[in-house]
Amino acid sequence: MESDYRIYVGIDWASEAHQACVLNHEQRIVAERSFAHAGNAIVEFAQWLSGLTDDPGQVAIAIEIPRGAVVETLVERGFHVYAINPKQLDRFRDRYSMSGAKDDRRDAFVLADSLRTDQPCFRRVRLDDPQVIQLRELSRVDEDLQREGNQLANRLRDQLHRFYVQALKLCPAADEPWLWTLLELAPSPSVAQRLRPKRVERLLRAHRIRRLKADEVVSALRMPALQVAPGVVEAATEHIALLLPRLRLVHSQRQRCGARIEALLDELQAAGEEDDNSGEHSDVAILRSLPGVGRIVAATIIAEACAALTERNYDALRAHAGIAPITKQSGKHRTVLMRYACNARLRHAFYHCARVAVMGDLPSKTYYTAQRQRGHSHGRALRAVADRLLRILVAMLMTRTLFDSSKALTPQVSNLSEKVA
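If you're wondering where the values come from, they're calculated on a predicted model, not measured in any experiment. (Residues numbered from 1 in each chain as written. Predicted model: local features only at pLDDT ≥ 70, side-chain atom pairs only at ≥ 80, totals over all residues. Heavy atoms only, no water.)

Running from N to C, helix 9 (residues 197-206) and helix 10 (residues 214-221) point in directions that differ by 120 degrees, and their axes come no closer than 8 Å. In terms of orientation, helix 9 lies oblique with respect to helix 10. Two packed elements cross with a definite hand, and for helix 9 against helix 10 that hand is right-handed. Along the contact surface, helix 9 presents Pro197, Val200, Glu201 and Leu204, while helix 10 presents Ala214, Asp215, Val217 and Val218. Its residues assigned to classes, the contact of helix 9 with helix 10 comprises six nonpolar, no polar and two charged. (Axes fitted to C-alpha atoms, helices over the stretch in contact; angles between N-to-C directions. Helix = DSSP H or I, 4+ residues; strand = E, 2+ residues; numbered from the N terminus. Parallel < 35°, antiparallel > 145°, perpendicular 65-115°, else oblique. Left-handed = near helix turned anticlockwise from the far one by under 90°. Contact = heavy atoms within 4.5 Å. Nonpolar A, V, L, I, M, F, W, Y, C, P; charged D, E, K, R; others polar.)

The following block contains the structure:
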């Protein structure tokens, strides 16, 4: 049984050197050791732990992080590694020192002894599939690139707002590649006065822009310019010239990242269908069939909640995604609040999943409308839609079936709509 271990190890993780404390089941310190964050030192530490017992499966190790070189090395060698949230560890620390004293050796002891007495509070760490690890990294890189691209586009918009508002009439967010090319052709209002419609027509055709005509673009750029102080146009133009290559680089990197994410999802879907000889659908195919789930949402859910998806653990999924509310009750006072302690990436993924589903899926829109008519806010109603979609997803995973819109409108939704009406 996992609850019956011979020794318990607590590792206080650090950037340069890690402190370890080894306890037996009677709370007696067997050994203590510090080891550096280096390849040879981590391997030597694993070998040293192996020398303390014949069976690595009888060693339980507690640590604050769920992944990394230390965790992966120990798991690969057969040790049972458990992770815990640092905030929970801080509460366990109060058991042993009411004064708030803290050091590396004490934290290592607290980790080991807390695992010995409160193992259900820890989460067993298992290594993910290599493709899931790649997908997790790429989904996080895509998020970083999106944030960086938005920051650069906002800087470009601020510069255009200083002297070149005509260009912002064509693209208010200043985040489209065709506008960047146009700014190279006409970097200032004075140059835009000499811009020919044929050049603009070729630009629009190259970028496949159909919502605007060349004459409309030229007319907008030739509108009277803002009156600014001498030197402002030159300074802002130079600033924009430095921003455009960076915008293009981030845009191209995000496109490559998106293509790689799509390829990994296809590989995971194909691998899941090949492993299942019964011909049933893979988890990736089932997830991608759910309304509101696109490339980025699917990649984020798989990467951030792989273990919960594999276990079909609905309660864990809704807690990690921040969908499950928290209740505070004392006497007659009872308050239900939004959950903030969750995986932020997973929260955003389910938020966008619900938002898109409300726009394109009739049962989701009906459920959202009923929640709004009950007096709930937009965010609260979207969380309810996300919770409903999550229940459907877990049911689909358990039955190995794809989403069927004809079966999605449950009696619960219909009854709710009738009560509201």
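With that settled, the discussion passes to the environment of Arg210. Among the secondary structure elements, Arg210 is positioned in the loop between helix 9 and helix 10. Note on Arg210: relative accessible area 73%, which makes it exposed. C-alpha separation for the pair Arg210 and Val336, spaced 126 residues apart in sequence, amounts to 49 Å. (Buried < 20%, exposed > 50% of the residue type's maximum accessible area, 1.4 Å probe, protein only.)

Turning our attention to helix 3 (residues 86-93). Among the residues of helix 3, those classed as buried are Leu89, Phe92 and Arg93. Down the axis of helix 3, the sector holding all buried residues measures 100 degrees, keeping them to one side. Among the exposed residues of helix 3, those pointing more than 90 degrees away from its buried face are Lys87 and Arg91. Buried-residue contacts for helix 3 involve helix 4 (104-117). The N-cap residue of helix 3 is Asn85: its side-chain oxygen and the backbone nitrogen of Lys87 are 2.8 Å apart. (Arc of directions from axis to C-beta. Polar contact = N/O pair within 3.5 Å; in protein donor to acceptor, adjacent residues only side chain to side chain.)

Not every positive phi belongs to a glycine, and Gln27 is a case in point at roughly 70 degrees. Inspection of the secondary structure assignment puts Gln27 in the loop between strand 2 (17-24) and strand 3 (29-36). By relative accessible area, Gln27 is classed as partly exposed at 36%. With phi around 55 degrees, Arg208 is a residue other than glycine that occupies positive phi space. Note on placement: Arg208 falls in the loop between helix 9 and helix 10. The exposure class of Arg208 is exposed, given its relative accessible area of 69%.

Taken as a whole and assessed by the stated rule, the structure comprises six aromatic pairs. Here Phe92 and Phe122 contribute two aromatic rings whose centre-to-centre distance is 6.3 Å and whose plane-to-plane angle is 10 degrees, an arrangement assigned as stacked. A residue pair is termed long-range when its members are at least 10 positions apart, and Phe92 in helix 3 and Phe122 in the loop between helix 4 and strand 6 (123-124) qualify at 30 residues. The exposure class of Phe122 is buried, given its relative accessible area of 7%. Grouping aromatic residues by their ring pairs yields a cluster made of Tyr5, Tyr8 and Tyr82. (Phe/Tyr/Trp six-rings, centres within 6.5 Å; stacked < 30°, edge-to-face > 60°.)

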